[in-house]
Amino acid sequence: MIYWIWLTQIPFIGPVTTRYLIKELGDAEKIYQADHETLSGMSGLSARQRESIIRNHSLEKAKRIMDDCQSKNISILCWNDDRYPLRAREPADAPPMLYYKGNIKKMDQTVGIVGARRCSQEAKQETVFLASEYAKTRIAVVSGMAKGIDSYAHTACLNAGGYTIAILGNGLDICYPSEHHKLMKCIEEKGLLLSEYPPGTPPSRYTFPRRNRLISSWSDKLIIIQTGKGSGALITAEYSRKYGRKVEMKVEI
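First things first, this report covers the structure right here in the doc. (Residues numbered from 1 in each chain as written. Predicted model: local features only at pLDDT ≥ 70, side-chain atom pairs only at ≥ 80, totals over all residues. Heavy atoms only, no water.)

1. So, the overall build of the protein
So, step 1. A tally of helices and strands in the protein yields twelve helices and eight strands.
So, step 2. Here the protein has a C-alpha radius of gyration of 19 Å; the compact-globule value for 253 residues is 18 Å, and the two agree.
So, step 3. Taken across its 253 residues, the protein has 53% of its residues classed as buried.
So, step 4. When contacts within the protein are restricted to residue pairs at least 6 apart in sequence, long-range pairs at least 24 apart make up 73% of them.
So, step 5. Within the structure as shown, the protein displays about 12,200 Å² of accessible surface, and the carbon and sulfur contribution to it stands at 48%.
So, step 6. Distance between charge centroids for the protein: 4 Å, based on 36 positive and 27 negative side chains. (Helix = DSSP H or I, 4+ residues; strand = E, 2+ residues; numbered from the N terminus. Rg over C-alpha atoms; globule rule 2.2 N^0.38 Å. Buried < 20%, exposed > 50% of the residue type's maximum accessible area, 1.4 Å probe, protein only. Contact = heavy atoms within 4.5 Å. Areas by Shrake-Rupley, 256 points an atom, 1.4 Å probe, with all protein chains shown as cover. Lys, Arg positive; Asp, Glu negative; His and termini not counted. Charge placed at Lys NZ, Arg CZ, Asp CG, Glu CD.)

And the structure:
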């Protein structure tokens, strides 16, 4: 695991380049072991990326992250793990490694449900109805644990005995928004909490759009329930279309 953590912390090495490195060299440990000559012969790397791999060769940061994960009961899902769903691995920018809490179950079908933080009663009722119906048919509900539509979708799914996945834009040792502590604990116990970010990473304008792409990649289709221009739900919809996933609008913008 430590080599996978190391790989995700290298500057200028994103998911697309990581996938190229894994394809060429096999796994994270072999990438760590690669010498300058080997890296120089790889046409898919820029000079800056090669130098970044060479210069950032210490495992100390990775060890600290791994120790932090162990102390906070956070597990790691690597790209080559059979439990990493194929649907989520398909996009070229799929993270090589994810942090998680809870249980990873086999999911035959998944649906993403996202929308406005401040929503109408009609939108809330539609969310609760849909999430409950999907739960009853054993379709996993994916969302981002935000206020409003996201939280209603998770809660309704859990109340109906279903399986839900919350993808966060921060480390799994941070609850955001803070009032969702109880919901977060329930999802950990009965569903799955996922994040691309190591413990201690705060939420930010940068992390949320990247979180949204994971909601799209983990969902076979996406349902948007009431949103506004420039919202995170519309960013999620853009990623879903990019990944070839169906997008449905249930309540008008």
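Still to come is the rest of the account.
2. Re the layout of surface pockets
So, step 1. Estimates place the volume of the largest pocket at around 370 Å³.
So, step 2. Here the lining of the largest pocket is composed, by residue class, of nine nonpolar, four polar and three charged. (1 Å grid on protein atoms, 1.4 Å probe; cavity = no way out; pocket = protein on both sides within 12 Å on 5 of 7 lines; lining within 4 Å. Points joined across faces, edges and corners; volume = space filled by probe spheres on them. Nonpolar A, V, L, I, M, F, W, Y, C, P; charged D, E, K, R; others polar.)

3. Focus: the pattern of salt bridges
So, step 1. Taken as a whole and assessed by the stated rule, the structure comprises 17 salt bridges.
So, step 2. For Glu 90, the salt bridge is made with Arg 245, and the minimal N-O distance between the two is 3.4 Å. Within this pair, whereas Glu 90 is found in the loop between α7 (86-89) and β2 (97-102), its partner Arg 245 is found in the loop between α12 (232-242) and β8 (246-251), the two being separated by 155 residues in sequence.
So, step 3. Ionic pairing is found between Glu 248 and Lys 250, a salt bridge with its closest N-O pair at 3.5 Å.
So, step 4. A relative accessible area of 16% means that Glu 248 is categorised as buried. (Salt bridge = Lys/Arg side-chain N within 4 Å of Asp/Glu carboxyl O.)

4. Here we look at the nonpolar core
So, step 1. In terms of nonpolar packing, the biggest core is built from 61 residues, with Trp 6, Tyr 99, Met 145, Ile 165 and Trp 218 touching the most fellow members.
So, step 2. In terms of residue count, the dominant contributor to this core is helix α1 (residues 2-8) (five residues).
So, step 3. If we skip the residues at most four places from it in the chain, Met 145 touches Asp 150, His 154, Ala 166, Leu 168, Cys 175, Tyr 176, Pro 177, His 180, Leu 183, Met 184, Ile 187 and Leu 193. (Core = buried A, V, L, I, M, F, W, Y, C linked by side-chain atoms within 4.5 Å.)

5. Considering the pairing of strand β7 (residues 221-225)
So, step 1. Taking burial as the measure, the five residues of β7 include four buried ones, the bulk of the element.
So, step 2. Inspection of the sheet shows strand β3 (residues 110-115) paired to β7 by five bridges, in the parallel sense. Considered in β7, the bridge of Ile 113 is made with Ile 223. (Pairing = 2+ DSSP bridges.)

6. Details of unusual backbone geometry
Glycine aside, residues mostly have negative phi angles, and peptide bonds mostly take the trans form.
So, step 1. Residue Tyr 176 is joined to Pro 177 through a cis peptide bond whose omega torsion reads -5 degrees.
So, step 2. Despite not being glycine, Asn 73 shows a phi value in the positive range, around 60 degrees.
So, step 3. Looking at where Asn 73 falls in the secondary structure, it is placed in the loop between α6 (60-71) and β1 (75-78).
So, step 4. A positive phi is found at Arg 138, a non-glycine position, where the angle reads about 60 degrees.
So, step 5. Its place among the elements puts Arg 138 in the loop between α8 (121-136) and β4 (140-143).

7. What to know about the packing of helix α11 (residues 207-217) against α12
So, step 1. Between α11 and α12, the least distance of the axes is 8 Å, while the angle of their chain directions is 50 degrees. The angle between the axes of α11 and α12 places the two elements in the oblique class. Of the two elements, α11 crosses α12, and the hand of that crossing is right-handed. Contact residues: Pro 209, Asn 212, Arg 213, Ile 215 and Ser 216 in α11; Gly 232, Ile 235, Thr 236, Tyr 239 and Ser 240 in α12.
So, step 2. A class-by-class count of the residues in the contact of α11 with α12 yields four nonpolar, five polar and one charged. (Axes fitted to C-alpha atoms, helices over the stretch in contact; angles between N-to-C directions. Parallel < 35°, antiparallel > 145°, perpendicular 65-115°, else oblique. Left-handed = near helix turned anticlockwise from the far one by under 90°.)

8. Concerning the packing of aromatic side chains
So, step 1. With the rule as written, the count across this model stands at five aromatic pairs.
So, step 2. An aromatic cluster is present here, built from Tyr 3, Trp 6 and Tyr 32 joined pairwise through their rings.
So, step 3. Taking the ring centre of Phe 12 as reference, the NZ or CZ of Arg 48 above it sits at 4.0 Å. (Phe/Tyr/Trp six-rings, centres within 6.5 Å; stacked < 30°, edge-to-face > 60°. Lys NZ or Arg CZ within 6 Å of the ring centre and 35° of its normal.)

9. Here we look at α12
So, step 1. Within the span of α12, buried status applies to Ala 233, Thr 236, Ala 237 and Ser 240. Projected onto a plane normal to the axis of α12, the buried residues spread over an arc of 105 degrees and lie on a single side. Exposed and oriented more than 90 degrees from the buried face of α12 are Glu 238 and Lys 242.
So, step 2. A positive backbone phi angle near 80 degrees is found at Gly 244, which sits one or two residues after α12. (Arc of directions from axis to C-beta.)

10. Regarding the packing of α8 against helix α9 (residues 149-159)
So, step 1. Between α8 and α9, the shortest axis-to-axis distance is 8 Å and the interhelical angle comes to 35 degrees. The interaxial crossing formed by α8 with α9 has right-handed handedness. In this structure, α8 uses Ala 123, Lys 124, Thr 127, Val 128, Ala 131, Ser 132 and Ala 135 to contact α9, whose residues at the interface are Ile 149, Tyr 152, Ala 153, Ala 156 and Cys 157.

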